[in-house]
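Given next are the chains, with one letter for each unit.
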Amino acid sequence: MRILLDATCIVDQPTGAGFYAYNIIKSLVSTDFSNDYTVLVQSKLSPSHPIFSLGKDKKINFIRKPIPVIGFKRDLVLSFFLWVRSRKYDIFLSFMPYLPIFFSHHNSIITIHDLGYLTFPNFFKRPWYKIYFKFILKHSLARAIKIFTVSNSTKKDLADKFL
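Let me sum up the structure you'll find in this document. None of these values were measured; they are calculated from a predicted model.

Residues Ile25 and Ile51 are the most contacted members of the largest nonpolar core, which totals 48 residues. Not counting the four nearest positions on each side in its chain, Ile25 is found in contact with Leu5, Ala7, Ile10, Val39, Ile51, Leu54, Ile60 and Phe95.

See the structure below:
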């Protein structure tokens, strides 16, 4: 299978989601020899980032694009990117909980790390951010064929709030 991994959450200064994505990709390419992987990364990611060393001995391609980690601009850019390339991949796996509003791959998988940003309203600087992120999360949950959670606690929170 041809799998597109959305690793745009990987940035030069490590974050929880970026660390998670890096380790999943590292595990996949070291154990799975039957699938072809393409990894979508930030265009500004340093060429010396360890993720690029994963592709040296394996069949893994990298695509560098200026796609923001979150937000409406991400929806626009990622929607267009997926629309243009949707037939090239069998699966789209996002290490973030958001699928683009305007176009999502028909076999999309999302990862939900936590729902703290919905639980703590002060997380957002502007009130409409909470509305937007709740909407995009509901949209993504409805469109994804699989949903990964990083803990049972997150799984329970997700079930309590959305299912």
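Structure shown, so let's carry the discussion forward.
Between its terminal C-alpha atoms helix H2 (residues 72-85) stretches 20 Å, which fits the 20 Å expected from 14 residues at 1.5 Å a residue. Within the span of H2, buried status applies to Arg74, Asp75, Leu78, Ser79, Phe81 and Leu82. For H2, the elements touching its buried residues are strand S1 (2-6), strand S2 (36-42), strand S3 (60-65), strand S4 (91-94) and helix H4 (127-143).

Here the focus is empty space enclosed by the protein. To locate leftover empty space, one rolls a probe as large as a water molecule over the atoms. Summed over all chains, the structure comprises one cavity of 30 Å³ or more. When its volume is computed, the largest cavity comes out at roughly 30 Å³. As for the largest cavity, its lining consists of Ile70, Gly71, Arg74, Asp75, Tyr98, Tyr132, Phe133 and Ile136. Of all the elements in the fold, those that place two or more residues in the lining of the largest cavity are H2 and H4. For the lining of the largest cavity, the element with the most residues is H4, which contributes three residues. In terms of residue class, the lining of the largest cavity is made up of five nonpolar, one polar and two charged.

Another aspect to go through is the side chain of Ser108. Mapped onto the elements of the fold, Ser108 is located in strand S5 (residues 108-112). For Ser108, a relative accessible area of 0% corresponds to the buried category. The contact partners of Ser108, leaving out residues within four places of it in the chain, are Phe92, Leu99, Ala144, Ile145 and Lys146.

Definitions and limits used
Residues numbered from 1 in each chain as written. Predicted model: local features only at pLDDT ≥ 70, side-chain atom pairs only at ≥ 80, totals over all residues. Heavy atoms only, no water. Core = buried A, V, L, I, M, F, W, Y, C linked by side-chain atoms within 4.5 Å. Buried < 20%, exposed > 50% of the residue type's maximum accessible area, 1.4 Å probe, protein only. Contact = heavy atoms within 4.5 Å. Helix = DSSP H or I, 4+ residues; strand = E, 2+ residues; numbered from the N terminus. Expected span 1.5 Å × (residues − 1). 1 Å grid on protein atoms, 1.4 Å probe; cavity = no way out; pocket = protein on both sides within 12 Å on 5 of 7 lines; lining within 4 Å. Points joined across faces, edges and corners; volume = space filled by probe spheres on them. Nonpolar A, V, L, I, M, F, W, Y, C, P; charged D, E, K, R; others polar.

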